[in-house]
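A closer look at the structure
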Amino acid sequence: MLSKAAFNALLKTLEEPPLDVLFILATTETEKVPVTILSRCQHFGLKRLSVNDISEHLIKISKLEKINLDQECSMMIARSAEGSVRDALSLLDNVFARGNNITKDLVKDVLCIEDFSNILQLFKFICGAEVEKALKSVEKFYIDGCSFELIARDLLDITYQVTRIKCSNTIDDNSLTDYELEEYRNFAKFLDMDVLIRMYEFMEKYFSELSNAFDQKKSFEMTVMRLCYIILLPSPFESEKNKLPKDDLFESDLDNTKKKEKSINEEEKKIEKKLAL
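Below or above, wherever it landed, is the structure these notes cover. Quick caveat, the model's predicted, so the values are computed rather than measured.

Definitions and cut-offs
Residues numbered from 1 in each chain as written. Predicted model: local features only at pLDDT ≥ 70, side-chain atom pairs only at ≥ 80, totals over all residues. Heavy atoms only, no water. Helix = DSSP H or I, 4+ residues; strand = E, 2+ residues; numbered from the N terminus. Buried < 20%, exposed > 50% of the residue type's maximum accessible area, 1.4 Å probe, protein only. Contact = heavy atoms within 4.5 Å. Core = buried A, V, L, I, M, F, W, Y, C linked by side-chain atoms within 4.5 Å. Salt bridge = Lys/Arg side-chain N within 4 Å of Asp/Glu carboxyl O. Phe/Tyr/Trp six-rings, centres within 6.5 Å; stacked < 30°, edge-to-face > 60°. Lys NZ or Arg CZ within 6 Å of the ring centre and 35° of its normal. Expected span 1.5 Å × (residues − 1). Patch = residues over 30% accessible without salt bridge, like charges linked within 9 Å, V, L, I, M, F, W, Y side chains within 5 Å. Areas by Shrake-Rupley, 256 points an atom, 1.4 Å probe, with all protein chains shown as cover. Axes fitted to C-alpha atoms, helices over the stretch in contact; angles between N-to-C directions. Parallel < 35°, antiparallel > 145°, perpendicular 65-115°, else oblique. Left-handed = near helix turned anticlockwise from the far one by under 90°. Nonpolar A, V, L, I, M, F, W, Y, C, P; charged D, E, K, R; others polar.

What about the overall build of the protein chain?
Along its length, the protein chain carries 14 helices and zero strands. In the protein chain, buried positions account for 34% of the 277 residues. A separation of at least 24 residues holds for 67% of the contacts in the protein chain among residues at least 6 apart in sequence.

Thoughts on the nonpolar core
L122, F123, L155, F207 and F220 are the most contacted members of the largest nonpolar core, which has 39 residues in total. Taken together, the elements giving at least two residues each to this core come down to α7 (116–127), α8 (131–143), α9 (148–168), α10 (178–190), α11 (193–207) and α12 (216–232). Setting aside residues up to four positions removed in sequence, F220 forms contacts with L122, V138, F148, I151, A152, L155, F207 and L210. In terms of nonpolar packing, the next biggest core, distinct from the first, is built from 22 residues, M75, M76, F96 and V110 among them.

Here we look at the pattern of salt bridges
Within this structure, the stated rule accounts for 13 salt bridges. Residue E29 pairs with K32 through a salt bridge whose shortest N-O separation is 3.4 Å. Judged by relative accessible area, E29 falls into the partly exposed class, the value being 29%. Of the charged contacts, one joins E180 and R79 as a salt bridge, the two residues approaching to 3.1 Å between their closest N and O atoms.

Section: the packing of aromatic side chains
Aromatic ring pairs are defined here through the distance separating the ring centres and the angle between the ring planes. Under the defined criterion, the tally for this structure stands at six aromatic pairs. Look at F123 and F187: their rings are 4.9 Å apart centre to centre, the planes differ by 85°, and that puts the pair in the edge-to-face class. Separated by 64 residues along the polypeptide, F123 in helix α7 and F187 in helix α10 bring together distant segments of the chain. A residue is classified by how much of its surface remains accessible, and F123, at 0% relative accessible area, is buried. Judged by relative accessible area, F187 falls into the buried class, the value being 5%. The lysine or arginine in question, R79, covers the ring of F116, its NZ or CZ lying 3.6 Å from the ring centre. Positioned over the ring face of Y142 is K217, at 5.3 Å from the centre of the ring.

Quick look at α7
Residue pairs three or four apart in sequence face the same way in an α-helix, which turns once every 3.6 residues. Spanning 12 residues, α7 covers 17 Å between terminal C-alpha atoms, matching the ideal 16 Å at 1.5 Å per step. For α7, the set of buried residues is F116, I119, L120, L122, F123, F125, I126 and C127. Considering only its buried residues, α7 is in contact with α4 (71–81), α8, α9, α10, α11 and α12. Among the residues trailing α7, A129 stands out with phi positive, at a value near 55°.

Digging into a nonpolar patch on the surface
Taken together, the side chains of V21, F23 and L25 make up a nonpolar region of the molecular surface, amounting to roughly 250 Å² of accessible area. Checked against the element boundaries, V21 lands in the loop between α1 (4–15) and α2 (35–38). The partly exposed category is assigned to V21, whose relative accessible area is 37%.

Description of the packing of α4 against helix α5 (residues 85–96)
Running from amino to carboxyl end, α4 crosses α5 at an angle of 135°, the nearest separation of the two axes being 8 Å. As summarised for this structure, α4 and α5 are arranged oblique, according to the angle between their axes. In the packing of α4 onto α5, the handedness of the crossing is right-handed. Residues I77, S80 and A81 of α4 form the contact with α5, whose participating residues are D87, A88, L91, L92 and V95. Of the residues that constitute the contact of α4 with α5, the class distribution is six nonpolar, one polar and one charged.

So, in structure tokens, the structure goes:
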């Protein structure tokens, strides 16, 4: 970014620009540009691109560079770019620096990420309260050298997307692939809304502790075990459903009392008949 003095010097040029010069100012921090400069410029906000569009663009570039990049690898890079073509190209350069033979394992190693299908599998184990399988997945992530903070971010995002689909059954997010949308819809079919809300709240709370954790692996494992336990807990709605209202309880006690009195009266009558005989 330019200093304040540099912006002031540029201001005069922008007010009276040469006829054969076109100034293009590109920034991701518009708020840092002085108002005097902004008021003299036309604004064009660039939107995030979908994962599929970025993936196709990366494959096109790799063909021009005569480097073999398959669809799966390009999708992994595109997803990590989060809608930014510039970030995607930077990541692609890092991958190209490792050689011309681009493989799925190489991309995972360069980006320090895990295959998204494995993260979806972990989410499935958590939703099914399958603690042993979930911990085995965490152990695999640890051996592969994956970032637990990135995995936690993905789990939070999965929970959010499934909740959105549960609400409206549609979602407008260009960063999602067709495969991810299909998986999210499957989760939305069997997960109740109150369970999703609880999961997101607890994930937000527990995963925030990762950055300050003495041992991230143990902290992440404890969070996974907590989440598996939370899934088994009854929701507030289920708890209330199992409770009888106070009026019902009172009526129930009253009925029991009347039955006891009736039984006592019948016994007294039987005794009186025997005495009369």
